[in-house]
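If you want the building blocks of each chain, they are given just below.
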Amino acid sequence: MLNCQPPSASGSPRFCNMGNFMRLPRAESAEGLDFAIVGIPFDTAASFRPGARFGPNGVRNISAMIKPNNIPMGVNIMDSLKGADLGDVPVIPDYIHETYAAIEETISGVIGCGAVPISIGGDHAVTLGELRAAAKAHGKVALVHFDSHLDLCDTVFGQKYNHGTPFRRALEEGLIDPSHSIQIGMRGSLYDPDDFKTAAELGFKVIPGDRLHKMTAAELSEEIKKRVGDMKVFLTFDIDFIDPAYAPGTGTPEVGGFTSFEALEFVRGMKELNFIGFDVVEVAPPYDHSEITAYMAANLIFEFMSILAYQKKTGQRK
């Protein structure tokens, strides 16, 4: 008999499982899929403005605007791919380690079915759980990281697990290969003027925002390809990479960023990389005017899906 009772908020937060990306079908498993959408509505690790827990719902709602044909990429994503929305990871607000375990289990399930996980955060701390699942399946991966912050702090508020620390922990846990990883777009004022030097000492290549503003999309693409090589790649995109004029709905905005068009061009330029996962994080709908930040995030997901479709259409991906 059909259970008509709403799920109890004592078992799952009220902000979980509230819609499907691009009105795709909802699925319980990634079996037989090329990609699976997964929401991770967790923002307990945010250090300034909370609200990214509502990111998955906000991005899904506005994604109804997106159509399946990507003209610049020359693909209809659903002609080449099978995909579905798996709903949200069963996060536990305020309990980051238990949430990490749930993220790892969910993403491992997607990868185990042969699908590419496409996750919607949540604050940037959630990426550590995704990388744990990716490394368990693939070994160390190359990280391509678009952001205005390095997120390489050792501690924040004396704590090891925060949205400013995920890639320091990922490095320590052997989840990523820094010699094949690249961090792109960092900018803004700093407490420690040696932050970029520290990133280099840890083995990362950093392209700061001021340098990126002087580069073309083609030049960035070459830099990324040269750095990544043949490694399997996890792409993480913090929405605050984009200038707050185009994406105001985020917890720690930084001026001097990049336009929506530039961001799309940068992603399209990576269509030859061997991607095994993607996330877009830090969308905070409470600060989002007219849903433009959520719509930007939805379009970044669409561009990543288009890369998978392009690769399948051209035989790069089976």
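As shown above, the structure is provided for reference.
Residues numbered from 1 in each chain as written. Predicted model: local features only at pLDDT ≥ 70, side-chain atom pairs only at ≥ 80, totals over all residues. Heavy atoms only, no water.

*Asks:* What should I look at first to understand the packing of helix H9 (residues 260-268) against helix H10 (residues 292-313) in this one?
*Replies:* Contact geometry of H9 with H10 gives a least axis separation of 9 Å together with a crossing angle of 20 degrees. With respect to their mutual orientation, H9 and H10 come out roughly parallel. Our pair here, H9 against H10, has a crossing hand that is right-handed. In this structure, H9 contributes Ser260, Ala263, Leu264, Val267 and Arg268 to the contact, and H10 contributes Met296, Asn299, Leu300, Glu303, Phe304 and Ile307. Residues of the contact of H9 with H10, tallied by class, amount to seven nonpolar, two polar and two charged. (Axes fitted to C-alpha atoms, helices over the stretch in contact; angles between N-to-C directions. Helix = DSSP H or I, 4+ residues; strand = E, 2+ residues; numbered from the N terminus. Parallel < 35°, antiparallel > 145°, perpendicular 65-115°, else oblique. Left-handed = near helix turned anticlockwise from the far one by under 90°. Contact = heavy atoms within 4.5 Å. Nonpolar A, V, L, I, M, F, W, Y, C, P; charged D, E, K, R; others polar.)

*Asks:* Just to check I follow, could you spell out the sheet that holds strand S4 (residues 83-88) for this structure?
*Replies:* Adjacent strands of a sheet pair through backbone hydrogen bonds, lying either parallel or antiparallel. Taken together, the eight strands give an open sheet; going across it, the order is S4-S1-S5-S10-S9-S6-S7-S8, and neighbouring strands pair in parallel fashion. Single-partner strands in this sheet number two, and they are S4 and strand S8 (205-207). Each adjacent strand pair in this sheet contributes to an overall mean axis angle of 15 degrees, direction not counted. With four bridges joining them, strand S1 (residues 35-40) and S4 adopt parallel strand pairing. Residue pairing in the sheet places phenylalanine 35 in a bridge with glycine 83 of S4. (Pairing = 2+ DSSP bridges.)

*Asks:* Even after reading the chapter, I still don't get the pattern of salt bridges, so can you show me in this structure?
*Replies:* Side-chain pairs of opposite charge can arise where the charged atoms are in close proximity. Counted according to the given criterion, the structure contains 15 salt bridges. Here arginine 53 ties to aspartate 43 by a salt bridge, and the two come within 2.8 Å at their closest N and O atoms. Of this pair, arginine 53 sits in the loop between S1 and helix H1 (55-62) while aspartate 43 sits in the loop between S1 and H1, placing them 10 residues apart in sequence. Each of Asp154, Lys160, Arg169 and Glu172 takes part in one network of salt bridges that share partners. (Salt bridge = Lys/Arg side-chain N within 4 Å of Asp/Glu carboxyl O.)

*Asks:* Can you walk me through the pairing of strand S10 (residues 274-281) in this structure?
*Replies:* Working note: regular strand, side chains alternate between the two faces of the sheet. The buried fraction of S10 amounts to seven of the eight residues, a majority that puts the element mostly inside the structure. Sheet topology note: the strand S9 (residues 232-238)/S10 ladder contains seven bridges and is parallel. For lysine 232, the partnering residue across the bridge sits in S10 and is asparagine 274. Following the backbone out of S9, through H9 and into the adjacent parallel S10, one traces a crossover that is right-handed. (Buried < 20%, exposed > 50% of the residue type's maximum accessible area, 1.4 Å probe, protein only. Right-handed = clockwise from strand over helix to strand, strands pointing away.)

*Asks:* Help me understand the packing of aromatic side chains, please; the structure alone is not making it clear to me.
*Replies:* For any pair of aromatic rings, geometry is given as the distance between the ring centres together with the angle between the planes. The final tally for this structure, using the stated rule, is nine aromatic pairs. Judged by centre distance (4.6 Å) and plane angle (15 degrees), the ring pair of phenylalanine 278 and phenylalanine 304 falls under stacked. Within this pair, whereas phenylalanine 278 is found in strand S10, its partner phenylalanine 304 is found in helix H10, the two being separated by 26 residues in sequence. With respect to burial, phenylalanine 278 and phenylalanine 304 carry one shared label: buried. One aromatic cluster is present, formed by Phe146, Phe237, Phe241, Phe258 and Phe266 through successive ring pairs. (Phe/Tyr/Trp six-rings, centres within 6.5 Å; stacked < 30°, edge-to-face > 60°.)

*Asks:* When you look at the environment of isoleucine 292 in this model, what are you seeing that I'm missing?
*Replies:* Tracing the backbone shows isoleucine 292 in helix H10. C-alpha separation for the pair isoleucine 292 and glycine 249, spaced 43 residues apart in sequence, amounts to 8.0 Å. Residues contacting isoleucine 292, with those up to four places away along its chain left out, are Ala245, Tyr246 and Pro248.

*Asks:* Is there a simple way to explain the packing of H1 against H10 in this structure?
*Replies:* How two helices pack is summed up by the angle between their axes together with the distance between the axes. Interhelical geometry of H1 versus H10 gives an angle of 75 degrees and a closest axis separation of 8 Å. Between H1 and H10, the angle falls in the class roughly perpendicular. Together, Gly58, Val59 and Ile62 of H1 and Ala294, Tyr295, Ala297, Ala298 and Ile301 of H10 make up the contact between the two elements. Class assignment for the residues of the contact of H1 with H10 results in seven nonpolar, one polar and no charged.

*Asks:* Where do I start with helix H4 (residues 126-138) in this structure?
*Replies:* One turn of an α-helix holds 3.6 residues; hence residues three or four places apart share an orientation. Taking 1.5 Å of rise per residue, the 13 residues of H4 would be expected to cover 18 Å, and the 19 Å separating its terminal C-alpha atoms lies within 8% of that figure. For H4, the set of buried residues is Val126, Thr127, Leu128, Gly129, Glu130, Leu131, Arg132, Ala133, Ala134 and Ala135. In the segment just after H4, glycine 139 is the residue with positive phi, at about 80 degrees. (Expected span 1.5 Å × (residues − 1).)

*Asks:* How should I be thinking about the pairing of S9 in this particular structure?
*Replies:* Among the seven residues of S9, six are classified as buried, and the element is accordingly described as predominantly covered. In this sheet, S9 lies alongside strand S6 (residues 142-146) in parallel orientation, the contact comprising five bridges. By the bridge assignment, valine 144 is partnered in S9 with leucine 235.

*Asks:* Would you mind showing me how to read the nonpolar core here?
*Replies:* Soluble, globular proteins show a tendency: their nonpolar side chains are buried together. Membership of the largest hydrophobic core comes to 56 residues, with the highest contact counts inside it found for Phe21, Val144, Phe146, Ile224, Phe241, Leu300 and Ile301. Sorting elements by how many residues they give to this core places H10 first, with 12 residues. The contacts of phenylalanine 21, once residues within four sequence positions are left out, are Ile37, Val59, Arg60, Ser63, Ile66, Asp85, Ile120, Ala298, Ile301 and Met305. Judged by nonpolar contacts, the second largest core, of 42 residues, contains Leu33, Leu175, Phe204 and Phe234. (Core = buried A, V, L, I, M, F, W, Y, C linked by side-chain atoms within 4.5 Å.)

*Asks:* Help me understand the environment of phenylalanine 266, please; the structure alone is not making it clear to me.
*Replies:* Note that phenylalanine 266 resides in helix H9. Here the alpha-carbon distance between phenylalanine 266 and alanine 218, two residues 48 residues apart in the chain, equals 8.1 Å. Ignoring anything within four residues of it in the chain, the contact list for phenylalanine 266 reads Phe146, Leu212, Ala217, Leu220, Phe241 and Phe258.

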